[in-house]
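Architecture at a glance
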Amino acid sequence: MVERVVATPAALELIEFLKRKHGGALMFHQSGGCCDNSAANCLLPGEILIGAGDVRLGDIGGCPFYIGKAQYETWKHTQLIIDVIDAHGGGTFSLEGPEGKAFHTRSRLFTEAELAELGAAGADRG
């Protein structure tokens, strides 16, 4: 099965650490407007309202991952790959900031076969 969003082992390890630190449930939201659209924000449920302007791409580390609908339209032909990089200083609303880390989004184009599979599975939200 083709997934629209996946996480590297380093990202999954950090997610598990943050779950333990913050008592369980987390969520992710990738929005346009900051960080050159390369940062997925890790939040506690309820810290951001999810609505009709958001698309749920899937889950990473057992946590729902959303993207703004307008940004989804630009990225729907790609698989988002959530990784971790070292970060220095503040300036982040994401839970991993105090750990000196940042979630970072990379991407790759889906193949024609993967796009067909997503469309056949009803996973083409666009």
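Refer to the preceding data block for the structure.
To keep things clear, this report deals only with the structure shown in the data block. Worth saying up front: this structure is predicted, and the values here are computed from it rather than measured.

A few words on the nonpolar core. Membership of the largest hydrophobic core comes to 23 residues, with the highest contact counts inside it found for Phe-28, Leu-57, Ile-60, Phe-65, Ile-82 and Phe-103. For this core, the secondary structure elements donating two or more residues are strand E1 (5-7), helix H1 (9-22), strand E4 (54-60), strand E5 (63-68), helix H2 (69-75) and strand E6 (78-86). Considering each element in turn, this core owes the most residues, four residues, to H1. When near neighbours in sequence (up to four residues on either side) are disregarded, Phe-65 contacts Val-5, Phe-28, Gln-30, Ala-40, Val-55, Arg-56, Leu-57, Gly-58, Asp-59, Ile-60, Leu-80 and Ile-82.

With that settled, consider the environment of Pro-45. Here Pro-45 lies in the loop between strand E3 (41-43) and E4. Owing to a relative accessible area of 49%, Pro-45 belongs among the partly exposed residues under this scheme. Between the alpha carbons of Pro-45 and Ala-25 there is a distance of 6.9 Å; along the sequence they are 20 residues apart. Excluding residues within four positions of it along the chain, Pro-45 makes contact with Ala-25, Leu-26 and Met-27.

To continue, consider the side chain of Gln-79. Checked against the element boundaries, Gln-79 lands in strand E6. Among the residues examined, Gln-79 registers a relative accessible area of 9% and is labelled buried. There is a polar contact of 2.7 Å between the side chain of Gln-79 and the backbone oxygen of Glu-3. Beyond its immediate chain neighbours, meaning those up to four positions away, Gln-79 contacts Glu-3, Arg-4, Val-6, Arg-106, Ser-107, Arg-108 and Phe-110.

A few words now on the packing of aromatic side chains. Counted by the stated rule, this structure contains two aromatic pairs. Taking 5.1 Å as the distance between ring centres and 85 degrees as the angle between the ring planes, the aromatic pair formed by Phe-28 and Phe-103 counts as edge-to-face. Of this pair, Phe-28 sits in strand E2 (residues 27-30) while Phe-103 sits in strand E7 (residues 101-109); the two residues are 75 residues apart in sequence, bridging distant segments of the chain. Overall, the relative accessible area of 2% leaves Phe-103 in the buried class. An aromatic cluster is defined as three or more aromatic residues linked by ring pairs; in this entry it consists of Phe-28, Phe-65 and Phe-103.

What follows deals with the sheet that holds E6. Taken together, the three strands give an open sheet; going across it, the order is E1-E6-E7, and neighbouring strands pair in mixed fashion. With one partner strand each, in any of the chains shown, E1 and E7 form the two edges of the open sheet. Taking each pair of neighbouring strands and ignoring which way they run, the sheet shows an average axis angle of 30 degrees. Sheet analysis places E1 next to E6, joined by three bridges and oriented parallel. Looking across to E6, one finds that Val-6 is bridged to Ile-81. Contacting E1, E6 and E7, H1 runs over the sheet at an angle of about 65 degrees to E6.

Reading guide: rules and limits
Residues numbered from 1 in each chain as written. Predicted model: local features only at pLDDT ≥ 70, side-chain atom pairs only at ≥ 80, totals over all residues. Heavy atoms only, no water. Core = buried A, V, L, I, M, F, W, Y, C linked by side-chain atoms within 4.5 Å. Buried < 20%, exposed > 50% of the residue type's maximum accessible area, 1.4 Å probe, protein only. Helix = DSSP H or I, 4+ residues; strand = E, 2+ residues; numbered from the N terminus. Contact = heavy atoms within 4.5 Å. Polar contact = N/O pair within 3.5 Å; in protein donor to acceptor, adjacent residues only side chain to side chain. Phe/Tyr/Trp six-rings, centres within 6.5 Å; stacked < 30°, edge-to-face > 60°. Pairing = 2+ DSSP bridges. Axes fitted to C-alpha atoms, helices over the stretch in contact; angles between N-to-C directions.

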